Amino acid sequence: MRTDTARTVKLAEYTPPAWIAETVRLEFDLAPTATRVLARIRFRKGTGGKLRLDGEALALKSAFVDGEDVRKRLEIDGEGLTLSGPLPDEFTWEAEVEIAPEGNTALEGLYLSNGMYCTQCEAEGFRKITYFPDRPDVMATYEVRIEAPKSLPVLLSNGEKIDEGALEGDRHFAEWRDPWPKPSYLFALVAGDLVSHDDQFVTESGREVELKIFVRPGDEDRCAYAMDALKRSMRWDERVYGREYDLSIFMIVAVDDFNMGAMENKGLNIFNSKYVLASPETATDRDYALIEGIIAHEYFHNWTGNRITCRDWFQLCLKEGLTVYRDQQFSADARSHAVQRIEDVAQLRARQFREDAGPLAHPVRPEEYIEINNFYTATVYEKGAEVIGMLRRLIGHDEYRKGVELYFNRHDGQACTIEDWLGAFQDSTGRDLSQFALWYSQAGTPKLTATSAWDAEAGEYSLTLRQDIPATPGQDVKMPMVIPVAYGLLGSEGQELVPPGLLVLDKTEETFTFRLPEEPVPSLLREFSAPVILERETSEAERVFLLANDTDAFNKWEAGRACARAALMEGADPAAYLDALAAAVTDDRQDPAFRALLLGFPSDEEMAAATHAAGKPVDPDAIHAAGEALREAAAERLEAPLRDLYAAMEVTEAYSPDAEQAGRRALRAAALRLLVRRPGGADLARAAAASGPLSEQLPALTALAHSGAEGADAAMEAFRAAWAHDPLVTDKWLMIHAMSPQPDALDKVKAIAGSDDFPWRNPNRFRSLIGAFAAGNPVRFHDASGAGYRFFADWVLKMDGVNPQTAARTAGAFETWRRYDVKRQGLVAAELDRILAAPRLSKDLGEIVGRIRKA
Ligand code: B3K
Ligand code: ZN
């Protein structure tokens, strides 16, 4: 296995660059199997010494220093080259290499997607394009010349176009120049037969910016929403963060084969087509919301990531945590703060808490890695965003804005660290943030235990908060963190007995006291003010009271969750909860989108995590059965109000993806998910599945298929046939199959995966079927026979042979294996061992599976 020899990179071993590239000129002569790349790089001495350049899968054709052929002075290995002998303090390196984009199935570096050339360089893909100090603290300006056949009319790179023209034969060229110094991971090139959807934007200071979204011919009428989201993002960043765009053109290109969601290359964002293309027939409301969020995210990176970048990859959260936080703020402003917060927290718990509780747990700023691509995690992104949110809450909005301003002013153009980020806030607020910084270095989700006492005579309420941080791989002992706990204290009428406030717990335990006229019902951790697991003994009456009365939307929702969990885990009679739920979901004063969230019950995965956290054995079949029983009970008890809601929430206007319409559709879909279990419910679902916007069809089709209702197979087949020409819509059909709890789900998934025309090499297809099965279908994935595990491991191995990054990411589905019974653990262990024993295992997959196996 390659991982035995793979090097571990450590934060503690950071050293500044020996040689700094200042200007880069690249000339590409594009051809599928033999692309020529000429690089002319002006280097200046850093710490000096030998010149070491990263490079992988490059055939070196020539190498010169200041015009002198240096090939004899080079030592080339699998990871790069070293030049020996003396060097002047400044020199020009010129080298030509040949690469083969066509065979590049890993989708890192320069590759081909449906005949279109594109790049993905973050984190370390640039070294597959040319020899270079491929590290983010080497920032240079780039000039790029692209020569290609005219059958690829659009030739793009970062920055602004400075020249273009015809060449001999059927070839042409374009030259681009990016004036802003950037690290190599932000380099991008695109060449293809593309059309653009155009618009423009005038910045606050009056600069005109051309906006272009490039897609394949035929897709241009599916770009309007992405463009609208882009313009709104640009305006928002000016208004909220004071950040203006800094080039005369901003481009987005949609690509079908892409390892992730999107990439923030300077001036030339490259997107998975799934997060650009949308029409009412092909995208759901959720897709629209994701497009909006991801367009914003990549755009916001222009300042948080590009203008100010990371010193090294350990600082990834510097750009990712902050940019996620910014895109969450943007989406909340654009839609609903309460709904956005609940959805963000649900994600955080499902992905990050899960990661934090298992063998892949690592700090927001990791301290070592083998393959950096394995650290683009929920912890770095989502927990990284939570840390920013806590900082803002602790110092206040105005101070936050001042600190960010200082950060931008002080560090523009630099490659920075978390210390630089926190330093700006220390200096602007005068506060000591050293204890707060533990959020970046200590892994694991803190457990926050709250206990209270009421002294009726003295009218004194005391609330004791205690924090315990679990041990995580490599970190046995933890120090107390700074935990902001937003709270309210409610009286028996649901009124706030004191103004809502913030408690700050910075010791292991502390007691806070309040003088109150009556014993309150506490509402703690409002808006989920810290990424912790709150434990507090509550009675059913109290939970139902909060579901009915809490003025904090997050905690109102949370109270419903607590009721559902009690019913699911302790078999508590759900009657009182369901009645309170009926009242809440029919309360017309509340936003339908919020009510839809109230109607969503905890997933099997959420219950498995909760069961495990409570120290109980996790039985996936029992968890699934309990979930089914609760849904049946809810469908029965709420049938009448759900029918009314289903009718009342019908959207009769023309489709619009706005939050208001989307909310009504979401509530209607939530009602239908339960109604499908009642007599006549399947008829409603069949009718809805047959026509209308995708946002109405898809939930209906899912409800039918997942309940195994009569006509489900026919409806699925009709949908497949209608959309076979559209891969993005077909992905949704794949996901319905993959996530079906029906007993024959694995057989169906196997049949689809095994058919000759299943394009499994495409990451979107692979994730929609194989990934969704393992991550989104616990009852079938954890089938006691081990068939689910075996099927999944086979496909992960197969994918590893072509695309290690996608294989490794998908394999994370195994991370919870220690929760299950001994027999299941044995079955998973056998699959993990089989993967680890595979010949030519990638370091990506080797690292992930190795860490999981060690649990
Ligand atoms: N920065 C990219 C992610 C790159 C992942 C490399 N494995 C997208 C983003 O977070 O915006
Ligand atoms: Zn990002």
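Please read these numbers as outputs of a predicted model, since none were measured by experiment.

A. Representation of the overall build of the chain in the model. Along its length, the chain carries 27 helices and 31 strands. In summary, the chain has a C-alpha radius of gyration of 28 Å against a globular reference of 29 Å for 855 residues, a match within 12%. Taking the principal axes of its C-alpha atoms as reference, the chain extends roughly 90 × 65 × 60 Å. Put simply, the chain has 855 residues, and 59% of those count as buried. Considering only intrachain contacts with a sequence separation of at least 6, the fraction spanning at least 24 residues in the chain is 70%. In the structure as shown, the chain presents an accessible area of about 32300 Å², 50% of it carried by carbon and sulfur atoms. When the 98 basic and 136 acidic side-chain charges of the chain are each reduced to a single mean position, those positions are 3 Å apart.

B. Quick look at the sheet that holds strand β21 (residues 268-272). Strand order in the open sheet formed by five strands is β17-β18-β19-β21-β20, with mixed pairing between adjacent strands. Pairing within the sheet leaves two strands with one partner each, and these edge strands are β17 (195-202) and β20 (262-263). Where β20 lies against β21, two bridges are found, and the strand directions are antiparallel. Its bridge partner being in β21, Met-263 is matched across the sheet by Ile-270. Helix-sheet contacts for helix α2 (residues 285-300) involve β19 (249-255), β20 and β21, and the interaxial angle to β21 is about 150 degrees.

C. Examining the coordination of the zinc ion (ligand 2) more closely. Protein-derived ligands of the zinc ion (ligand 2) are His-297 (NE2), His-301 (NE2) and Glu-320 (OE), with the metal-ligand distances lying across 1.9 to 2.1 Å. Here the donor residues of the zinc ion (ligand 2) share one chain and are spaced in sequence as H-x3-H-x18-E. The two residues His-297 and His-301 agree in class, both being buried.

D. Focus on the sheet that holds strand β16 (residues 189-192). Strand order in the open sheet made by the four strands is β10-β11-β16-β13, with antiparallel pairing throughout. Both outer strands of the open sheet, β10 (109-113) and β13 (154-157), are each paired with one neighbouring strand and no more. Geometrically, the sheet is characterised by an average inter-axis angle of 20 degrees between neighbouring strands, direction not taken into account. Two elements, strand β11 (residues 116-120) and β16, share two bridges in a ladder whose sense is antiparallel. Paired with Tyr-117 across the strands is Ala-191, a residue of β16.

E. Here's a closer look at the packing of aromatic side chains. Taken as a whole and judged by the stated rule, the model has 42 aromatic pairs. Residues Phe-28 and Phe-187 carry aromatic rings whose centres are separated by 5.9 Å and whose planes lie at 10 degrees to one another, so their mutual orientation is stacked. Here Phe-187 lies in the loop between β15 (171-182) and β16 and Phe-28 lies in strand β2 (residues 19-29), a separation of 159 residues in the sequence. Each member of the pair, Phe-28 as well as Phe-187, carries the same accessibility label: buried. Between the aromatic rings of Phe-126 and Phe-132, the centroid separation amounts to 5.1 Å while the plane-to-plane angle is 80 degrees, which identifies the pairing as edge-to-face. As far as burial versus exposure is concerned, Phe-126 and Phe-132 are alike and both buried. When the ring centre of Trp-180 is taken as origin, the NZ or CZ atom of Arg-307, which lies over that ring, is 3.8 Å away.

F. Here's a closer look at the domain arrangement of the chain. When the domains of the chain are assigned, the result is domain 1 (21-283), domain 2 (308-535), domain 3 (547-636), domain 4 (638-723) and domain 5 (727-855). Measuring from the centre of the C-alpha atoms in domain 1 to the corresponding centre in domain 4 gives 44 Å. Residue-level contacts link five residues of domain 1 with six residues of domain 4. Between domain 1 and domain 4 lies a buried interface of about 480 Å² when both sides are counted; carbon and sulfur atoms form 70% of it. Looking at the side of domain 1 facing domain 4, the largest losses of area belong to Pro-280, Glu-281 and Ala-283, adding up to 71% of the total buried there. Seen at the junction of domain 1 and domain 4, the total is zero salt bridges. Linking domain 1 to domain 4 there are one residue pair in polar contact (both at pLDDT 80 or more).

G. Layout of the environment of Tyr-381. Inspection of the secondary structure assignment puts Tyr-381 in helix α5 (residues 378-395). In this view, Tyr-381 contacts His-297, Glu-320, Gly-321, Val-324 and Tyr-376; residues no more than four positions away in its chain are not counted. A distance of 3.3 Å separates a polar atom in the side chain of Tyr-381 from a polar atom in the side chain of Glu-320.

What counts, and where the lines are drawn
Residues numbered from 1 in each chain as written. Chains lettered and ligands numbered in written order. Predicted model: local features only at pLDDT ≥ 70, side-chain atom pairs only at ≥ 80, totals over all residues. Heavy atoms only, no water. Helix = DSSP H or I, 4+ residues; strand = E, 2+ residues; numbered from the N terminus. Rg over C-alpha atoms; globule rule 2.2 N^0.38 Å. Buried < 20%, exposed > 50% of the residue type's maximum accessible area, 1.4 Å probe, protein only. Contact = heavy atoms within 4.5 Å. Areas by Shrake-Rupley, 256 points an atom, 1.4 Å probe, with all protein chains shown as cover. Lys, Arg positive; Asp, Glu negative; His and termini not counted. Charge placed at Lys NZ, Arg CZ, Asp CG, Glu CD. Pairing = 2+ DSSP bridges. Axes fitted to C-alpha atoms, helices over the stretch in contact; angles between N-to-C directions. Donors = N, O, S within 2.8 Å, 3.2 Å for Na, K, Ca; no water. Phe/Tyr/Trp six-rings, centres within 6.5 Å; stacked < 30°, edge-to-face > 60°. Lys NZ or Arg CZ within 6 Å of the ring centre and 35° of its normal. Domains from an automatic or database assignment. Buried area = accessible area lost by both parts, 1.4 Å probe. Salt bridge = Lys/Arg side-chain N within 4 Å of Asp/Glu carboxyl O. Polar contact = N/O pair within 3.5 Å; in protein donor to acceptor, adjacent residues only side chain to side chain.

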